[in-house]
Amino acid sequence: MKSRLMILALAVFSFSAFRANAQVDVTINPIGLLFGDLSIGGDFILSDEFSVEGTIGIGGGNDDFTNLKWSNIPVTVVGKYYFNPDDGADKFYADAFLRFVSRSYKADGNTDYSEYSQTRLGLGIGIGYKAVSRSGIVFDIGFGVGRALIDNTKFENNGDEFTVDWPDIMFQGKLGIGYRFGG
């Protein structure tokens, strides 16, 4: 299921790049793959100095030793402004982002049951750097911080439910390796 969703997202990003005859940087997060998370992004280049990127991720797993099951789905939209680009939408940038995250953890042991769920929506700003090789290989790294506008975090332990009051701060990170299509 996860792989089908990501293949569909990659196909939509790729086909839209060829239909619109525009530049699109498609990236994947290699560190997330090490931990079973798949995150793919499409950075749509609107001008040499501005682009809009959408990323979606999906992750989760089971640990039979601790009886822990987890899942997470982050979705982020980032507007990037590039300072002194060489080849269009590259080098140092400042950004503004909108981020949605839904995650849950469930532990079901022989005597205990615990569940943690979190849904957050927030806005923020960040900085980053994108390098594009002559052959079209893209390397993008960035970091941002913002504020959660909506934060619904709950913890349940053996039938007792608690609301968790997290700080309103949100972080957004980017490490992407990919390819530039078009242009």
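All of these numbers come straight from a predicted model, not from anything done at the bench. (Residues numbered from 1 in each chain as written. Predicted model: local features only at pLDDT ≥ 70, side-chain atom pairs only at ≥ 80, totals over all residues. Heavy atoms only, no water.)

1. Focus on the overall build of the protein
Counting its secondary structure elements, the protein contains 2 helices and 9 strands. Helices and strands in the protein line up, N terminus first, as α-β-α-β-β-β-β-β-β-β-β. A buried classification covers 35% of the 183 residues belonging to the protein. In the protein, 59% of the contacts between residues at least 6 apart in sequence involve partners at least 24 apart. (Helix = DSSP H or I, 4+ residues; strand = E, 2+ residues; numbered from the N terminus. Buried < 20%, exposed > 50% of the residue type's maximum accessible area, 1.4 Å probe, protein only. Contact = heavy atoms within 4.5 Å.)

2. What to know about unusual backbone geometry
The phi torsion at Asn84 lies on the positive side, around 50 degrees, for a residue other than glycine. For Lys91, which is not glycine, the phi dihedral falls at a positive 75 degrees. Within the secondary structure layout, Lys91 lies in strand 5 (residues 91-108).

3. Digging into a nonpolar patch on the surface
A cluster of nonpolar side chains, Leu46, Phe50, Tyr81, Phe83, Phe92, Ile127, Tyr129, Ile137, Phe139, Ile141, Ile177 and Tyr179, forms an exposed patch at the surface whose accessible area comes to about 1,100 Å². Listed by contribution, the elements that provide at least two residues to the nonpolar patch are strand 6 (113-132), strand 7 (137-157) and strand 9 (169-181). Per-element tally for the nonpolar patch: the top contributor is strand 7, with 3 residues. Summarising the element assignment, Leu46 is placed in the loop between strand 2 (37-45) and strand 3 (50-63). Of the residues examined, Leu46 reaches a relative accessible area of 58% and is grouped as exposed. (Patch = residues over 30% accessible without salt bridge, like charges linked within 9 Å, V, L, I, M, F, W, Y side chains within 5 Å. Areas by Shrake-Rupley, 256 points an atom, 1.4 Å probe, with all protein chains shown as cover. Salt bridge = Lys/Arg side-chain N within 4 Å of Asp/Glu carboxyl O.)

4. Re the side chain of Arg120
By the secondary structure assignment, Arg120 is in strand 6. Residue classification places Arg120 among the buried positions, given a relative accessible area of 9%. Side-chain polar atoms of Arg120 contact the backbone oxygen of Pro167, separated by 2.8 Å. There is a polar contact of 3.2 Å between the side chain of Arg120 and the backbone oxygen of Ile169. (Polar contact = N/O pair within 3.5 Å; in protein donor to acceptor, adjacent residues only side chain to side chain.)

5. Focus on the pattern of salt bridges
The full count for this structure, using the stated rule, is 11 salt bridges. We note a salt bridge from Glu53 to Lys80, for which the minimum N-O separation is 2.9 Å. With Glu53 in strand 3 and Lys80 in strand 4 (residues 68-82), this residue pair connects regions lying 27 residues apart in the sequence. Side by side, Glu53 and Lys80 carry an identical accessibility label, which is buried.

6. A closer look at the confidence of the model for the protein
Chain-level statistics for the protein give a pLDDT mean of 86 and a share of 85% at 70 or above. By mean pLDDT, helix 1 (residues 2-20) is the weakest element of the protein at 49, and strand 1 (residues 24-28) is the strongest at 96. Within the model, pLDDT remains below 50 along residues 4-8, and this stretch shows 6 contacts once partners closer than five positions in the same chain are excluded. (pLDDT = per-residue confidence, 0-100.)

7. Description of the environment of Asn72
Looking at the element boundaries, Asn72 is found in strand 4. Assessed through its relative accessible area of 18%, Asn72 is described here as buried. In sequence terms Asn72 and Ile58 are 14 residues apart; their C-alpha atoms lie 5.9 Å from each other. Setting aside its immediate chain neighbours within four residues, Asn72 contacts Asp37, Gly57, Ile58, Gly59, Gly60, Ser102 and Arg103.

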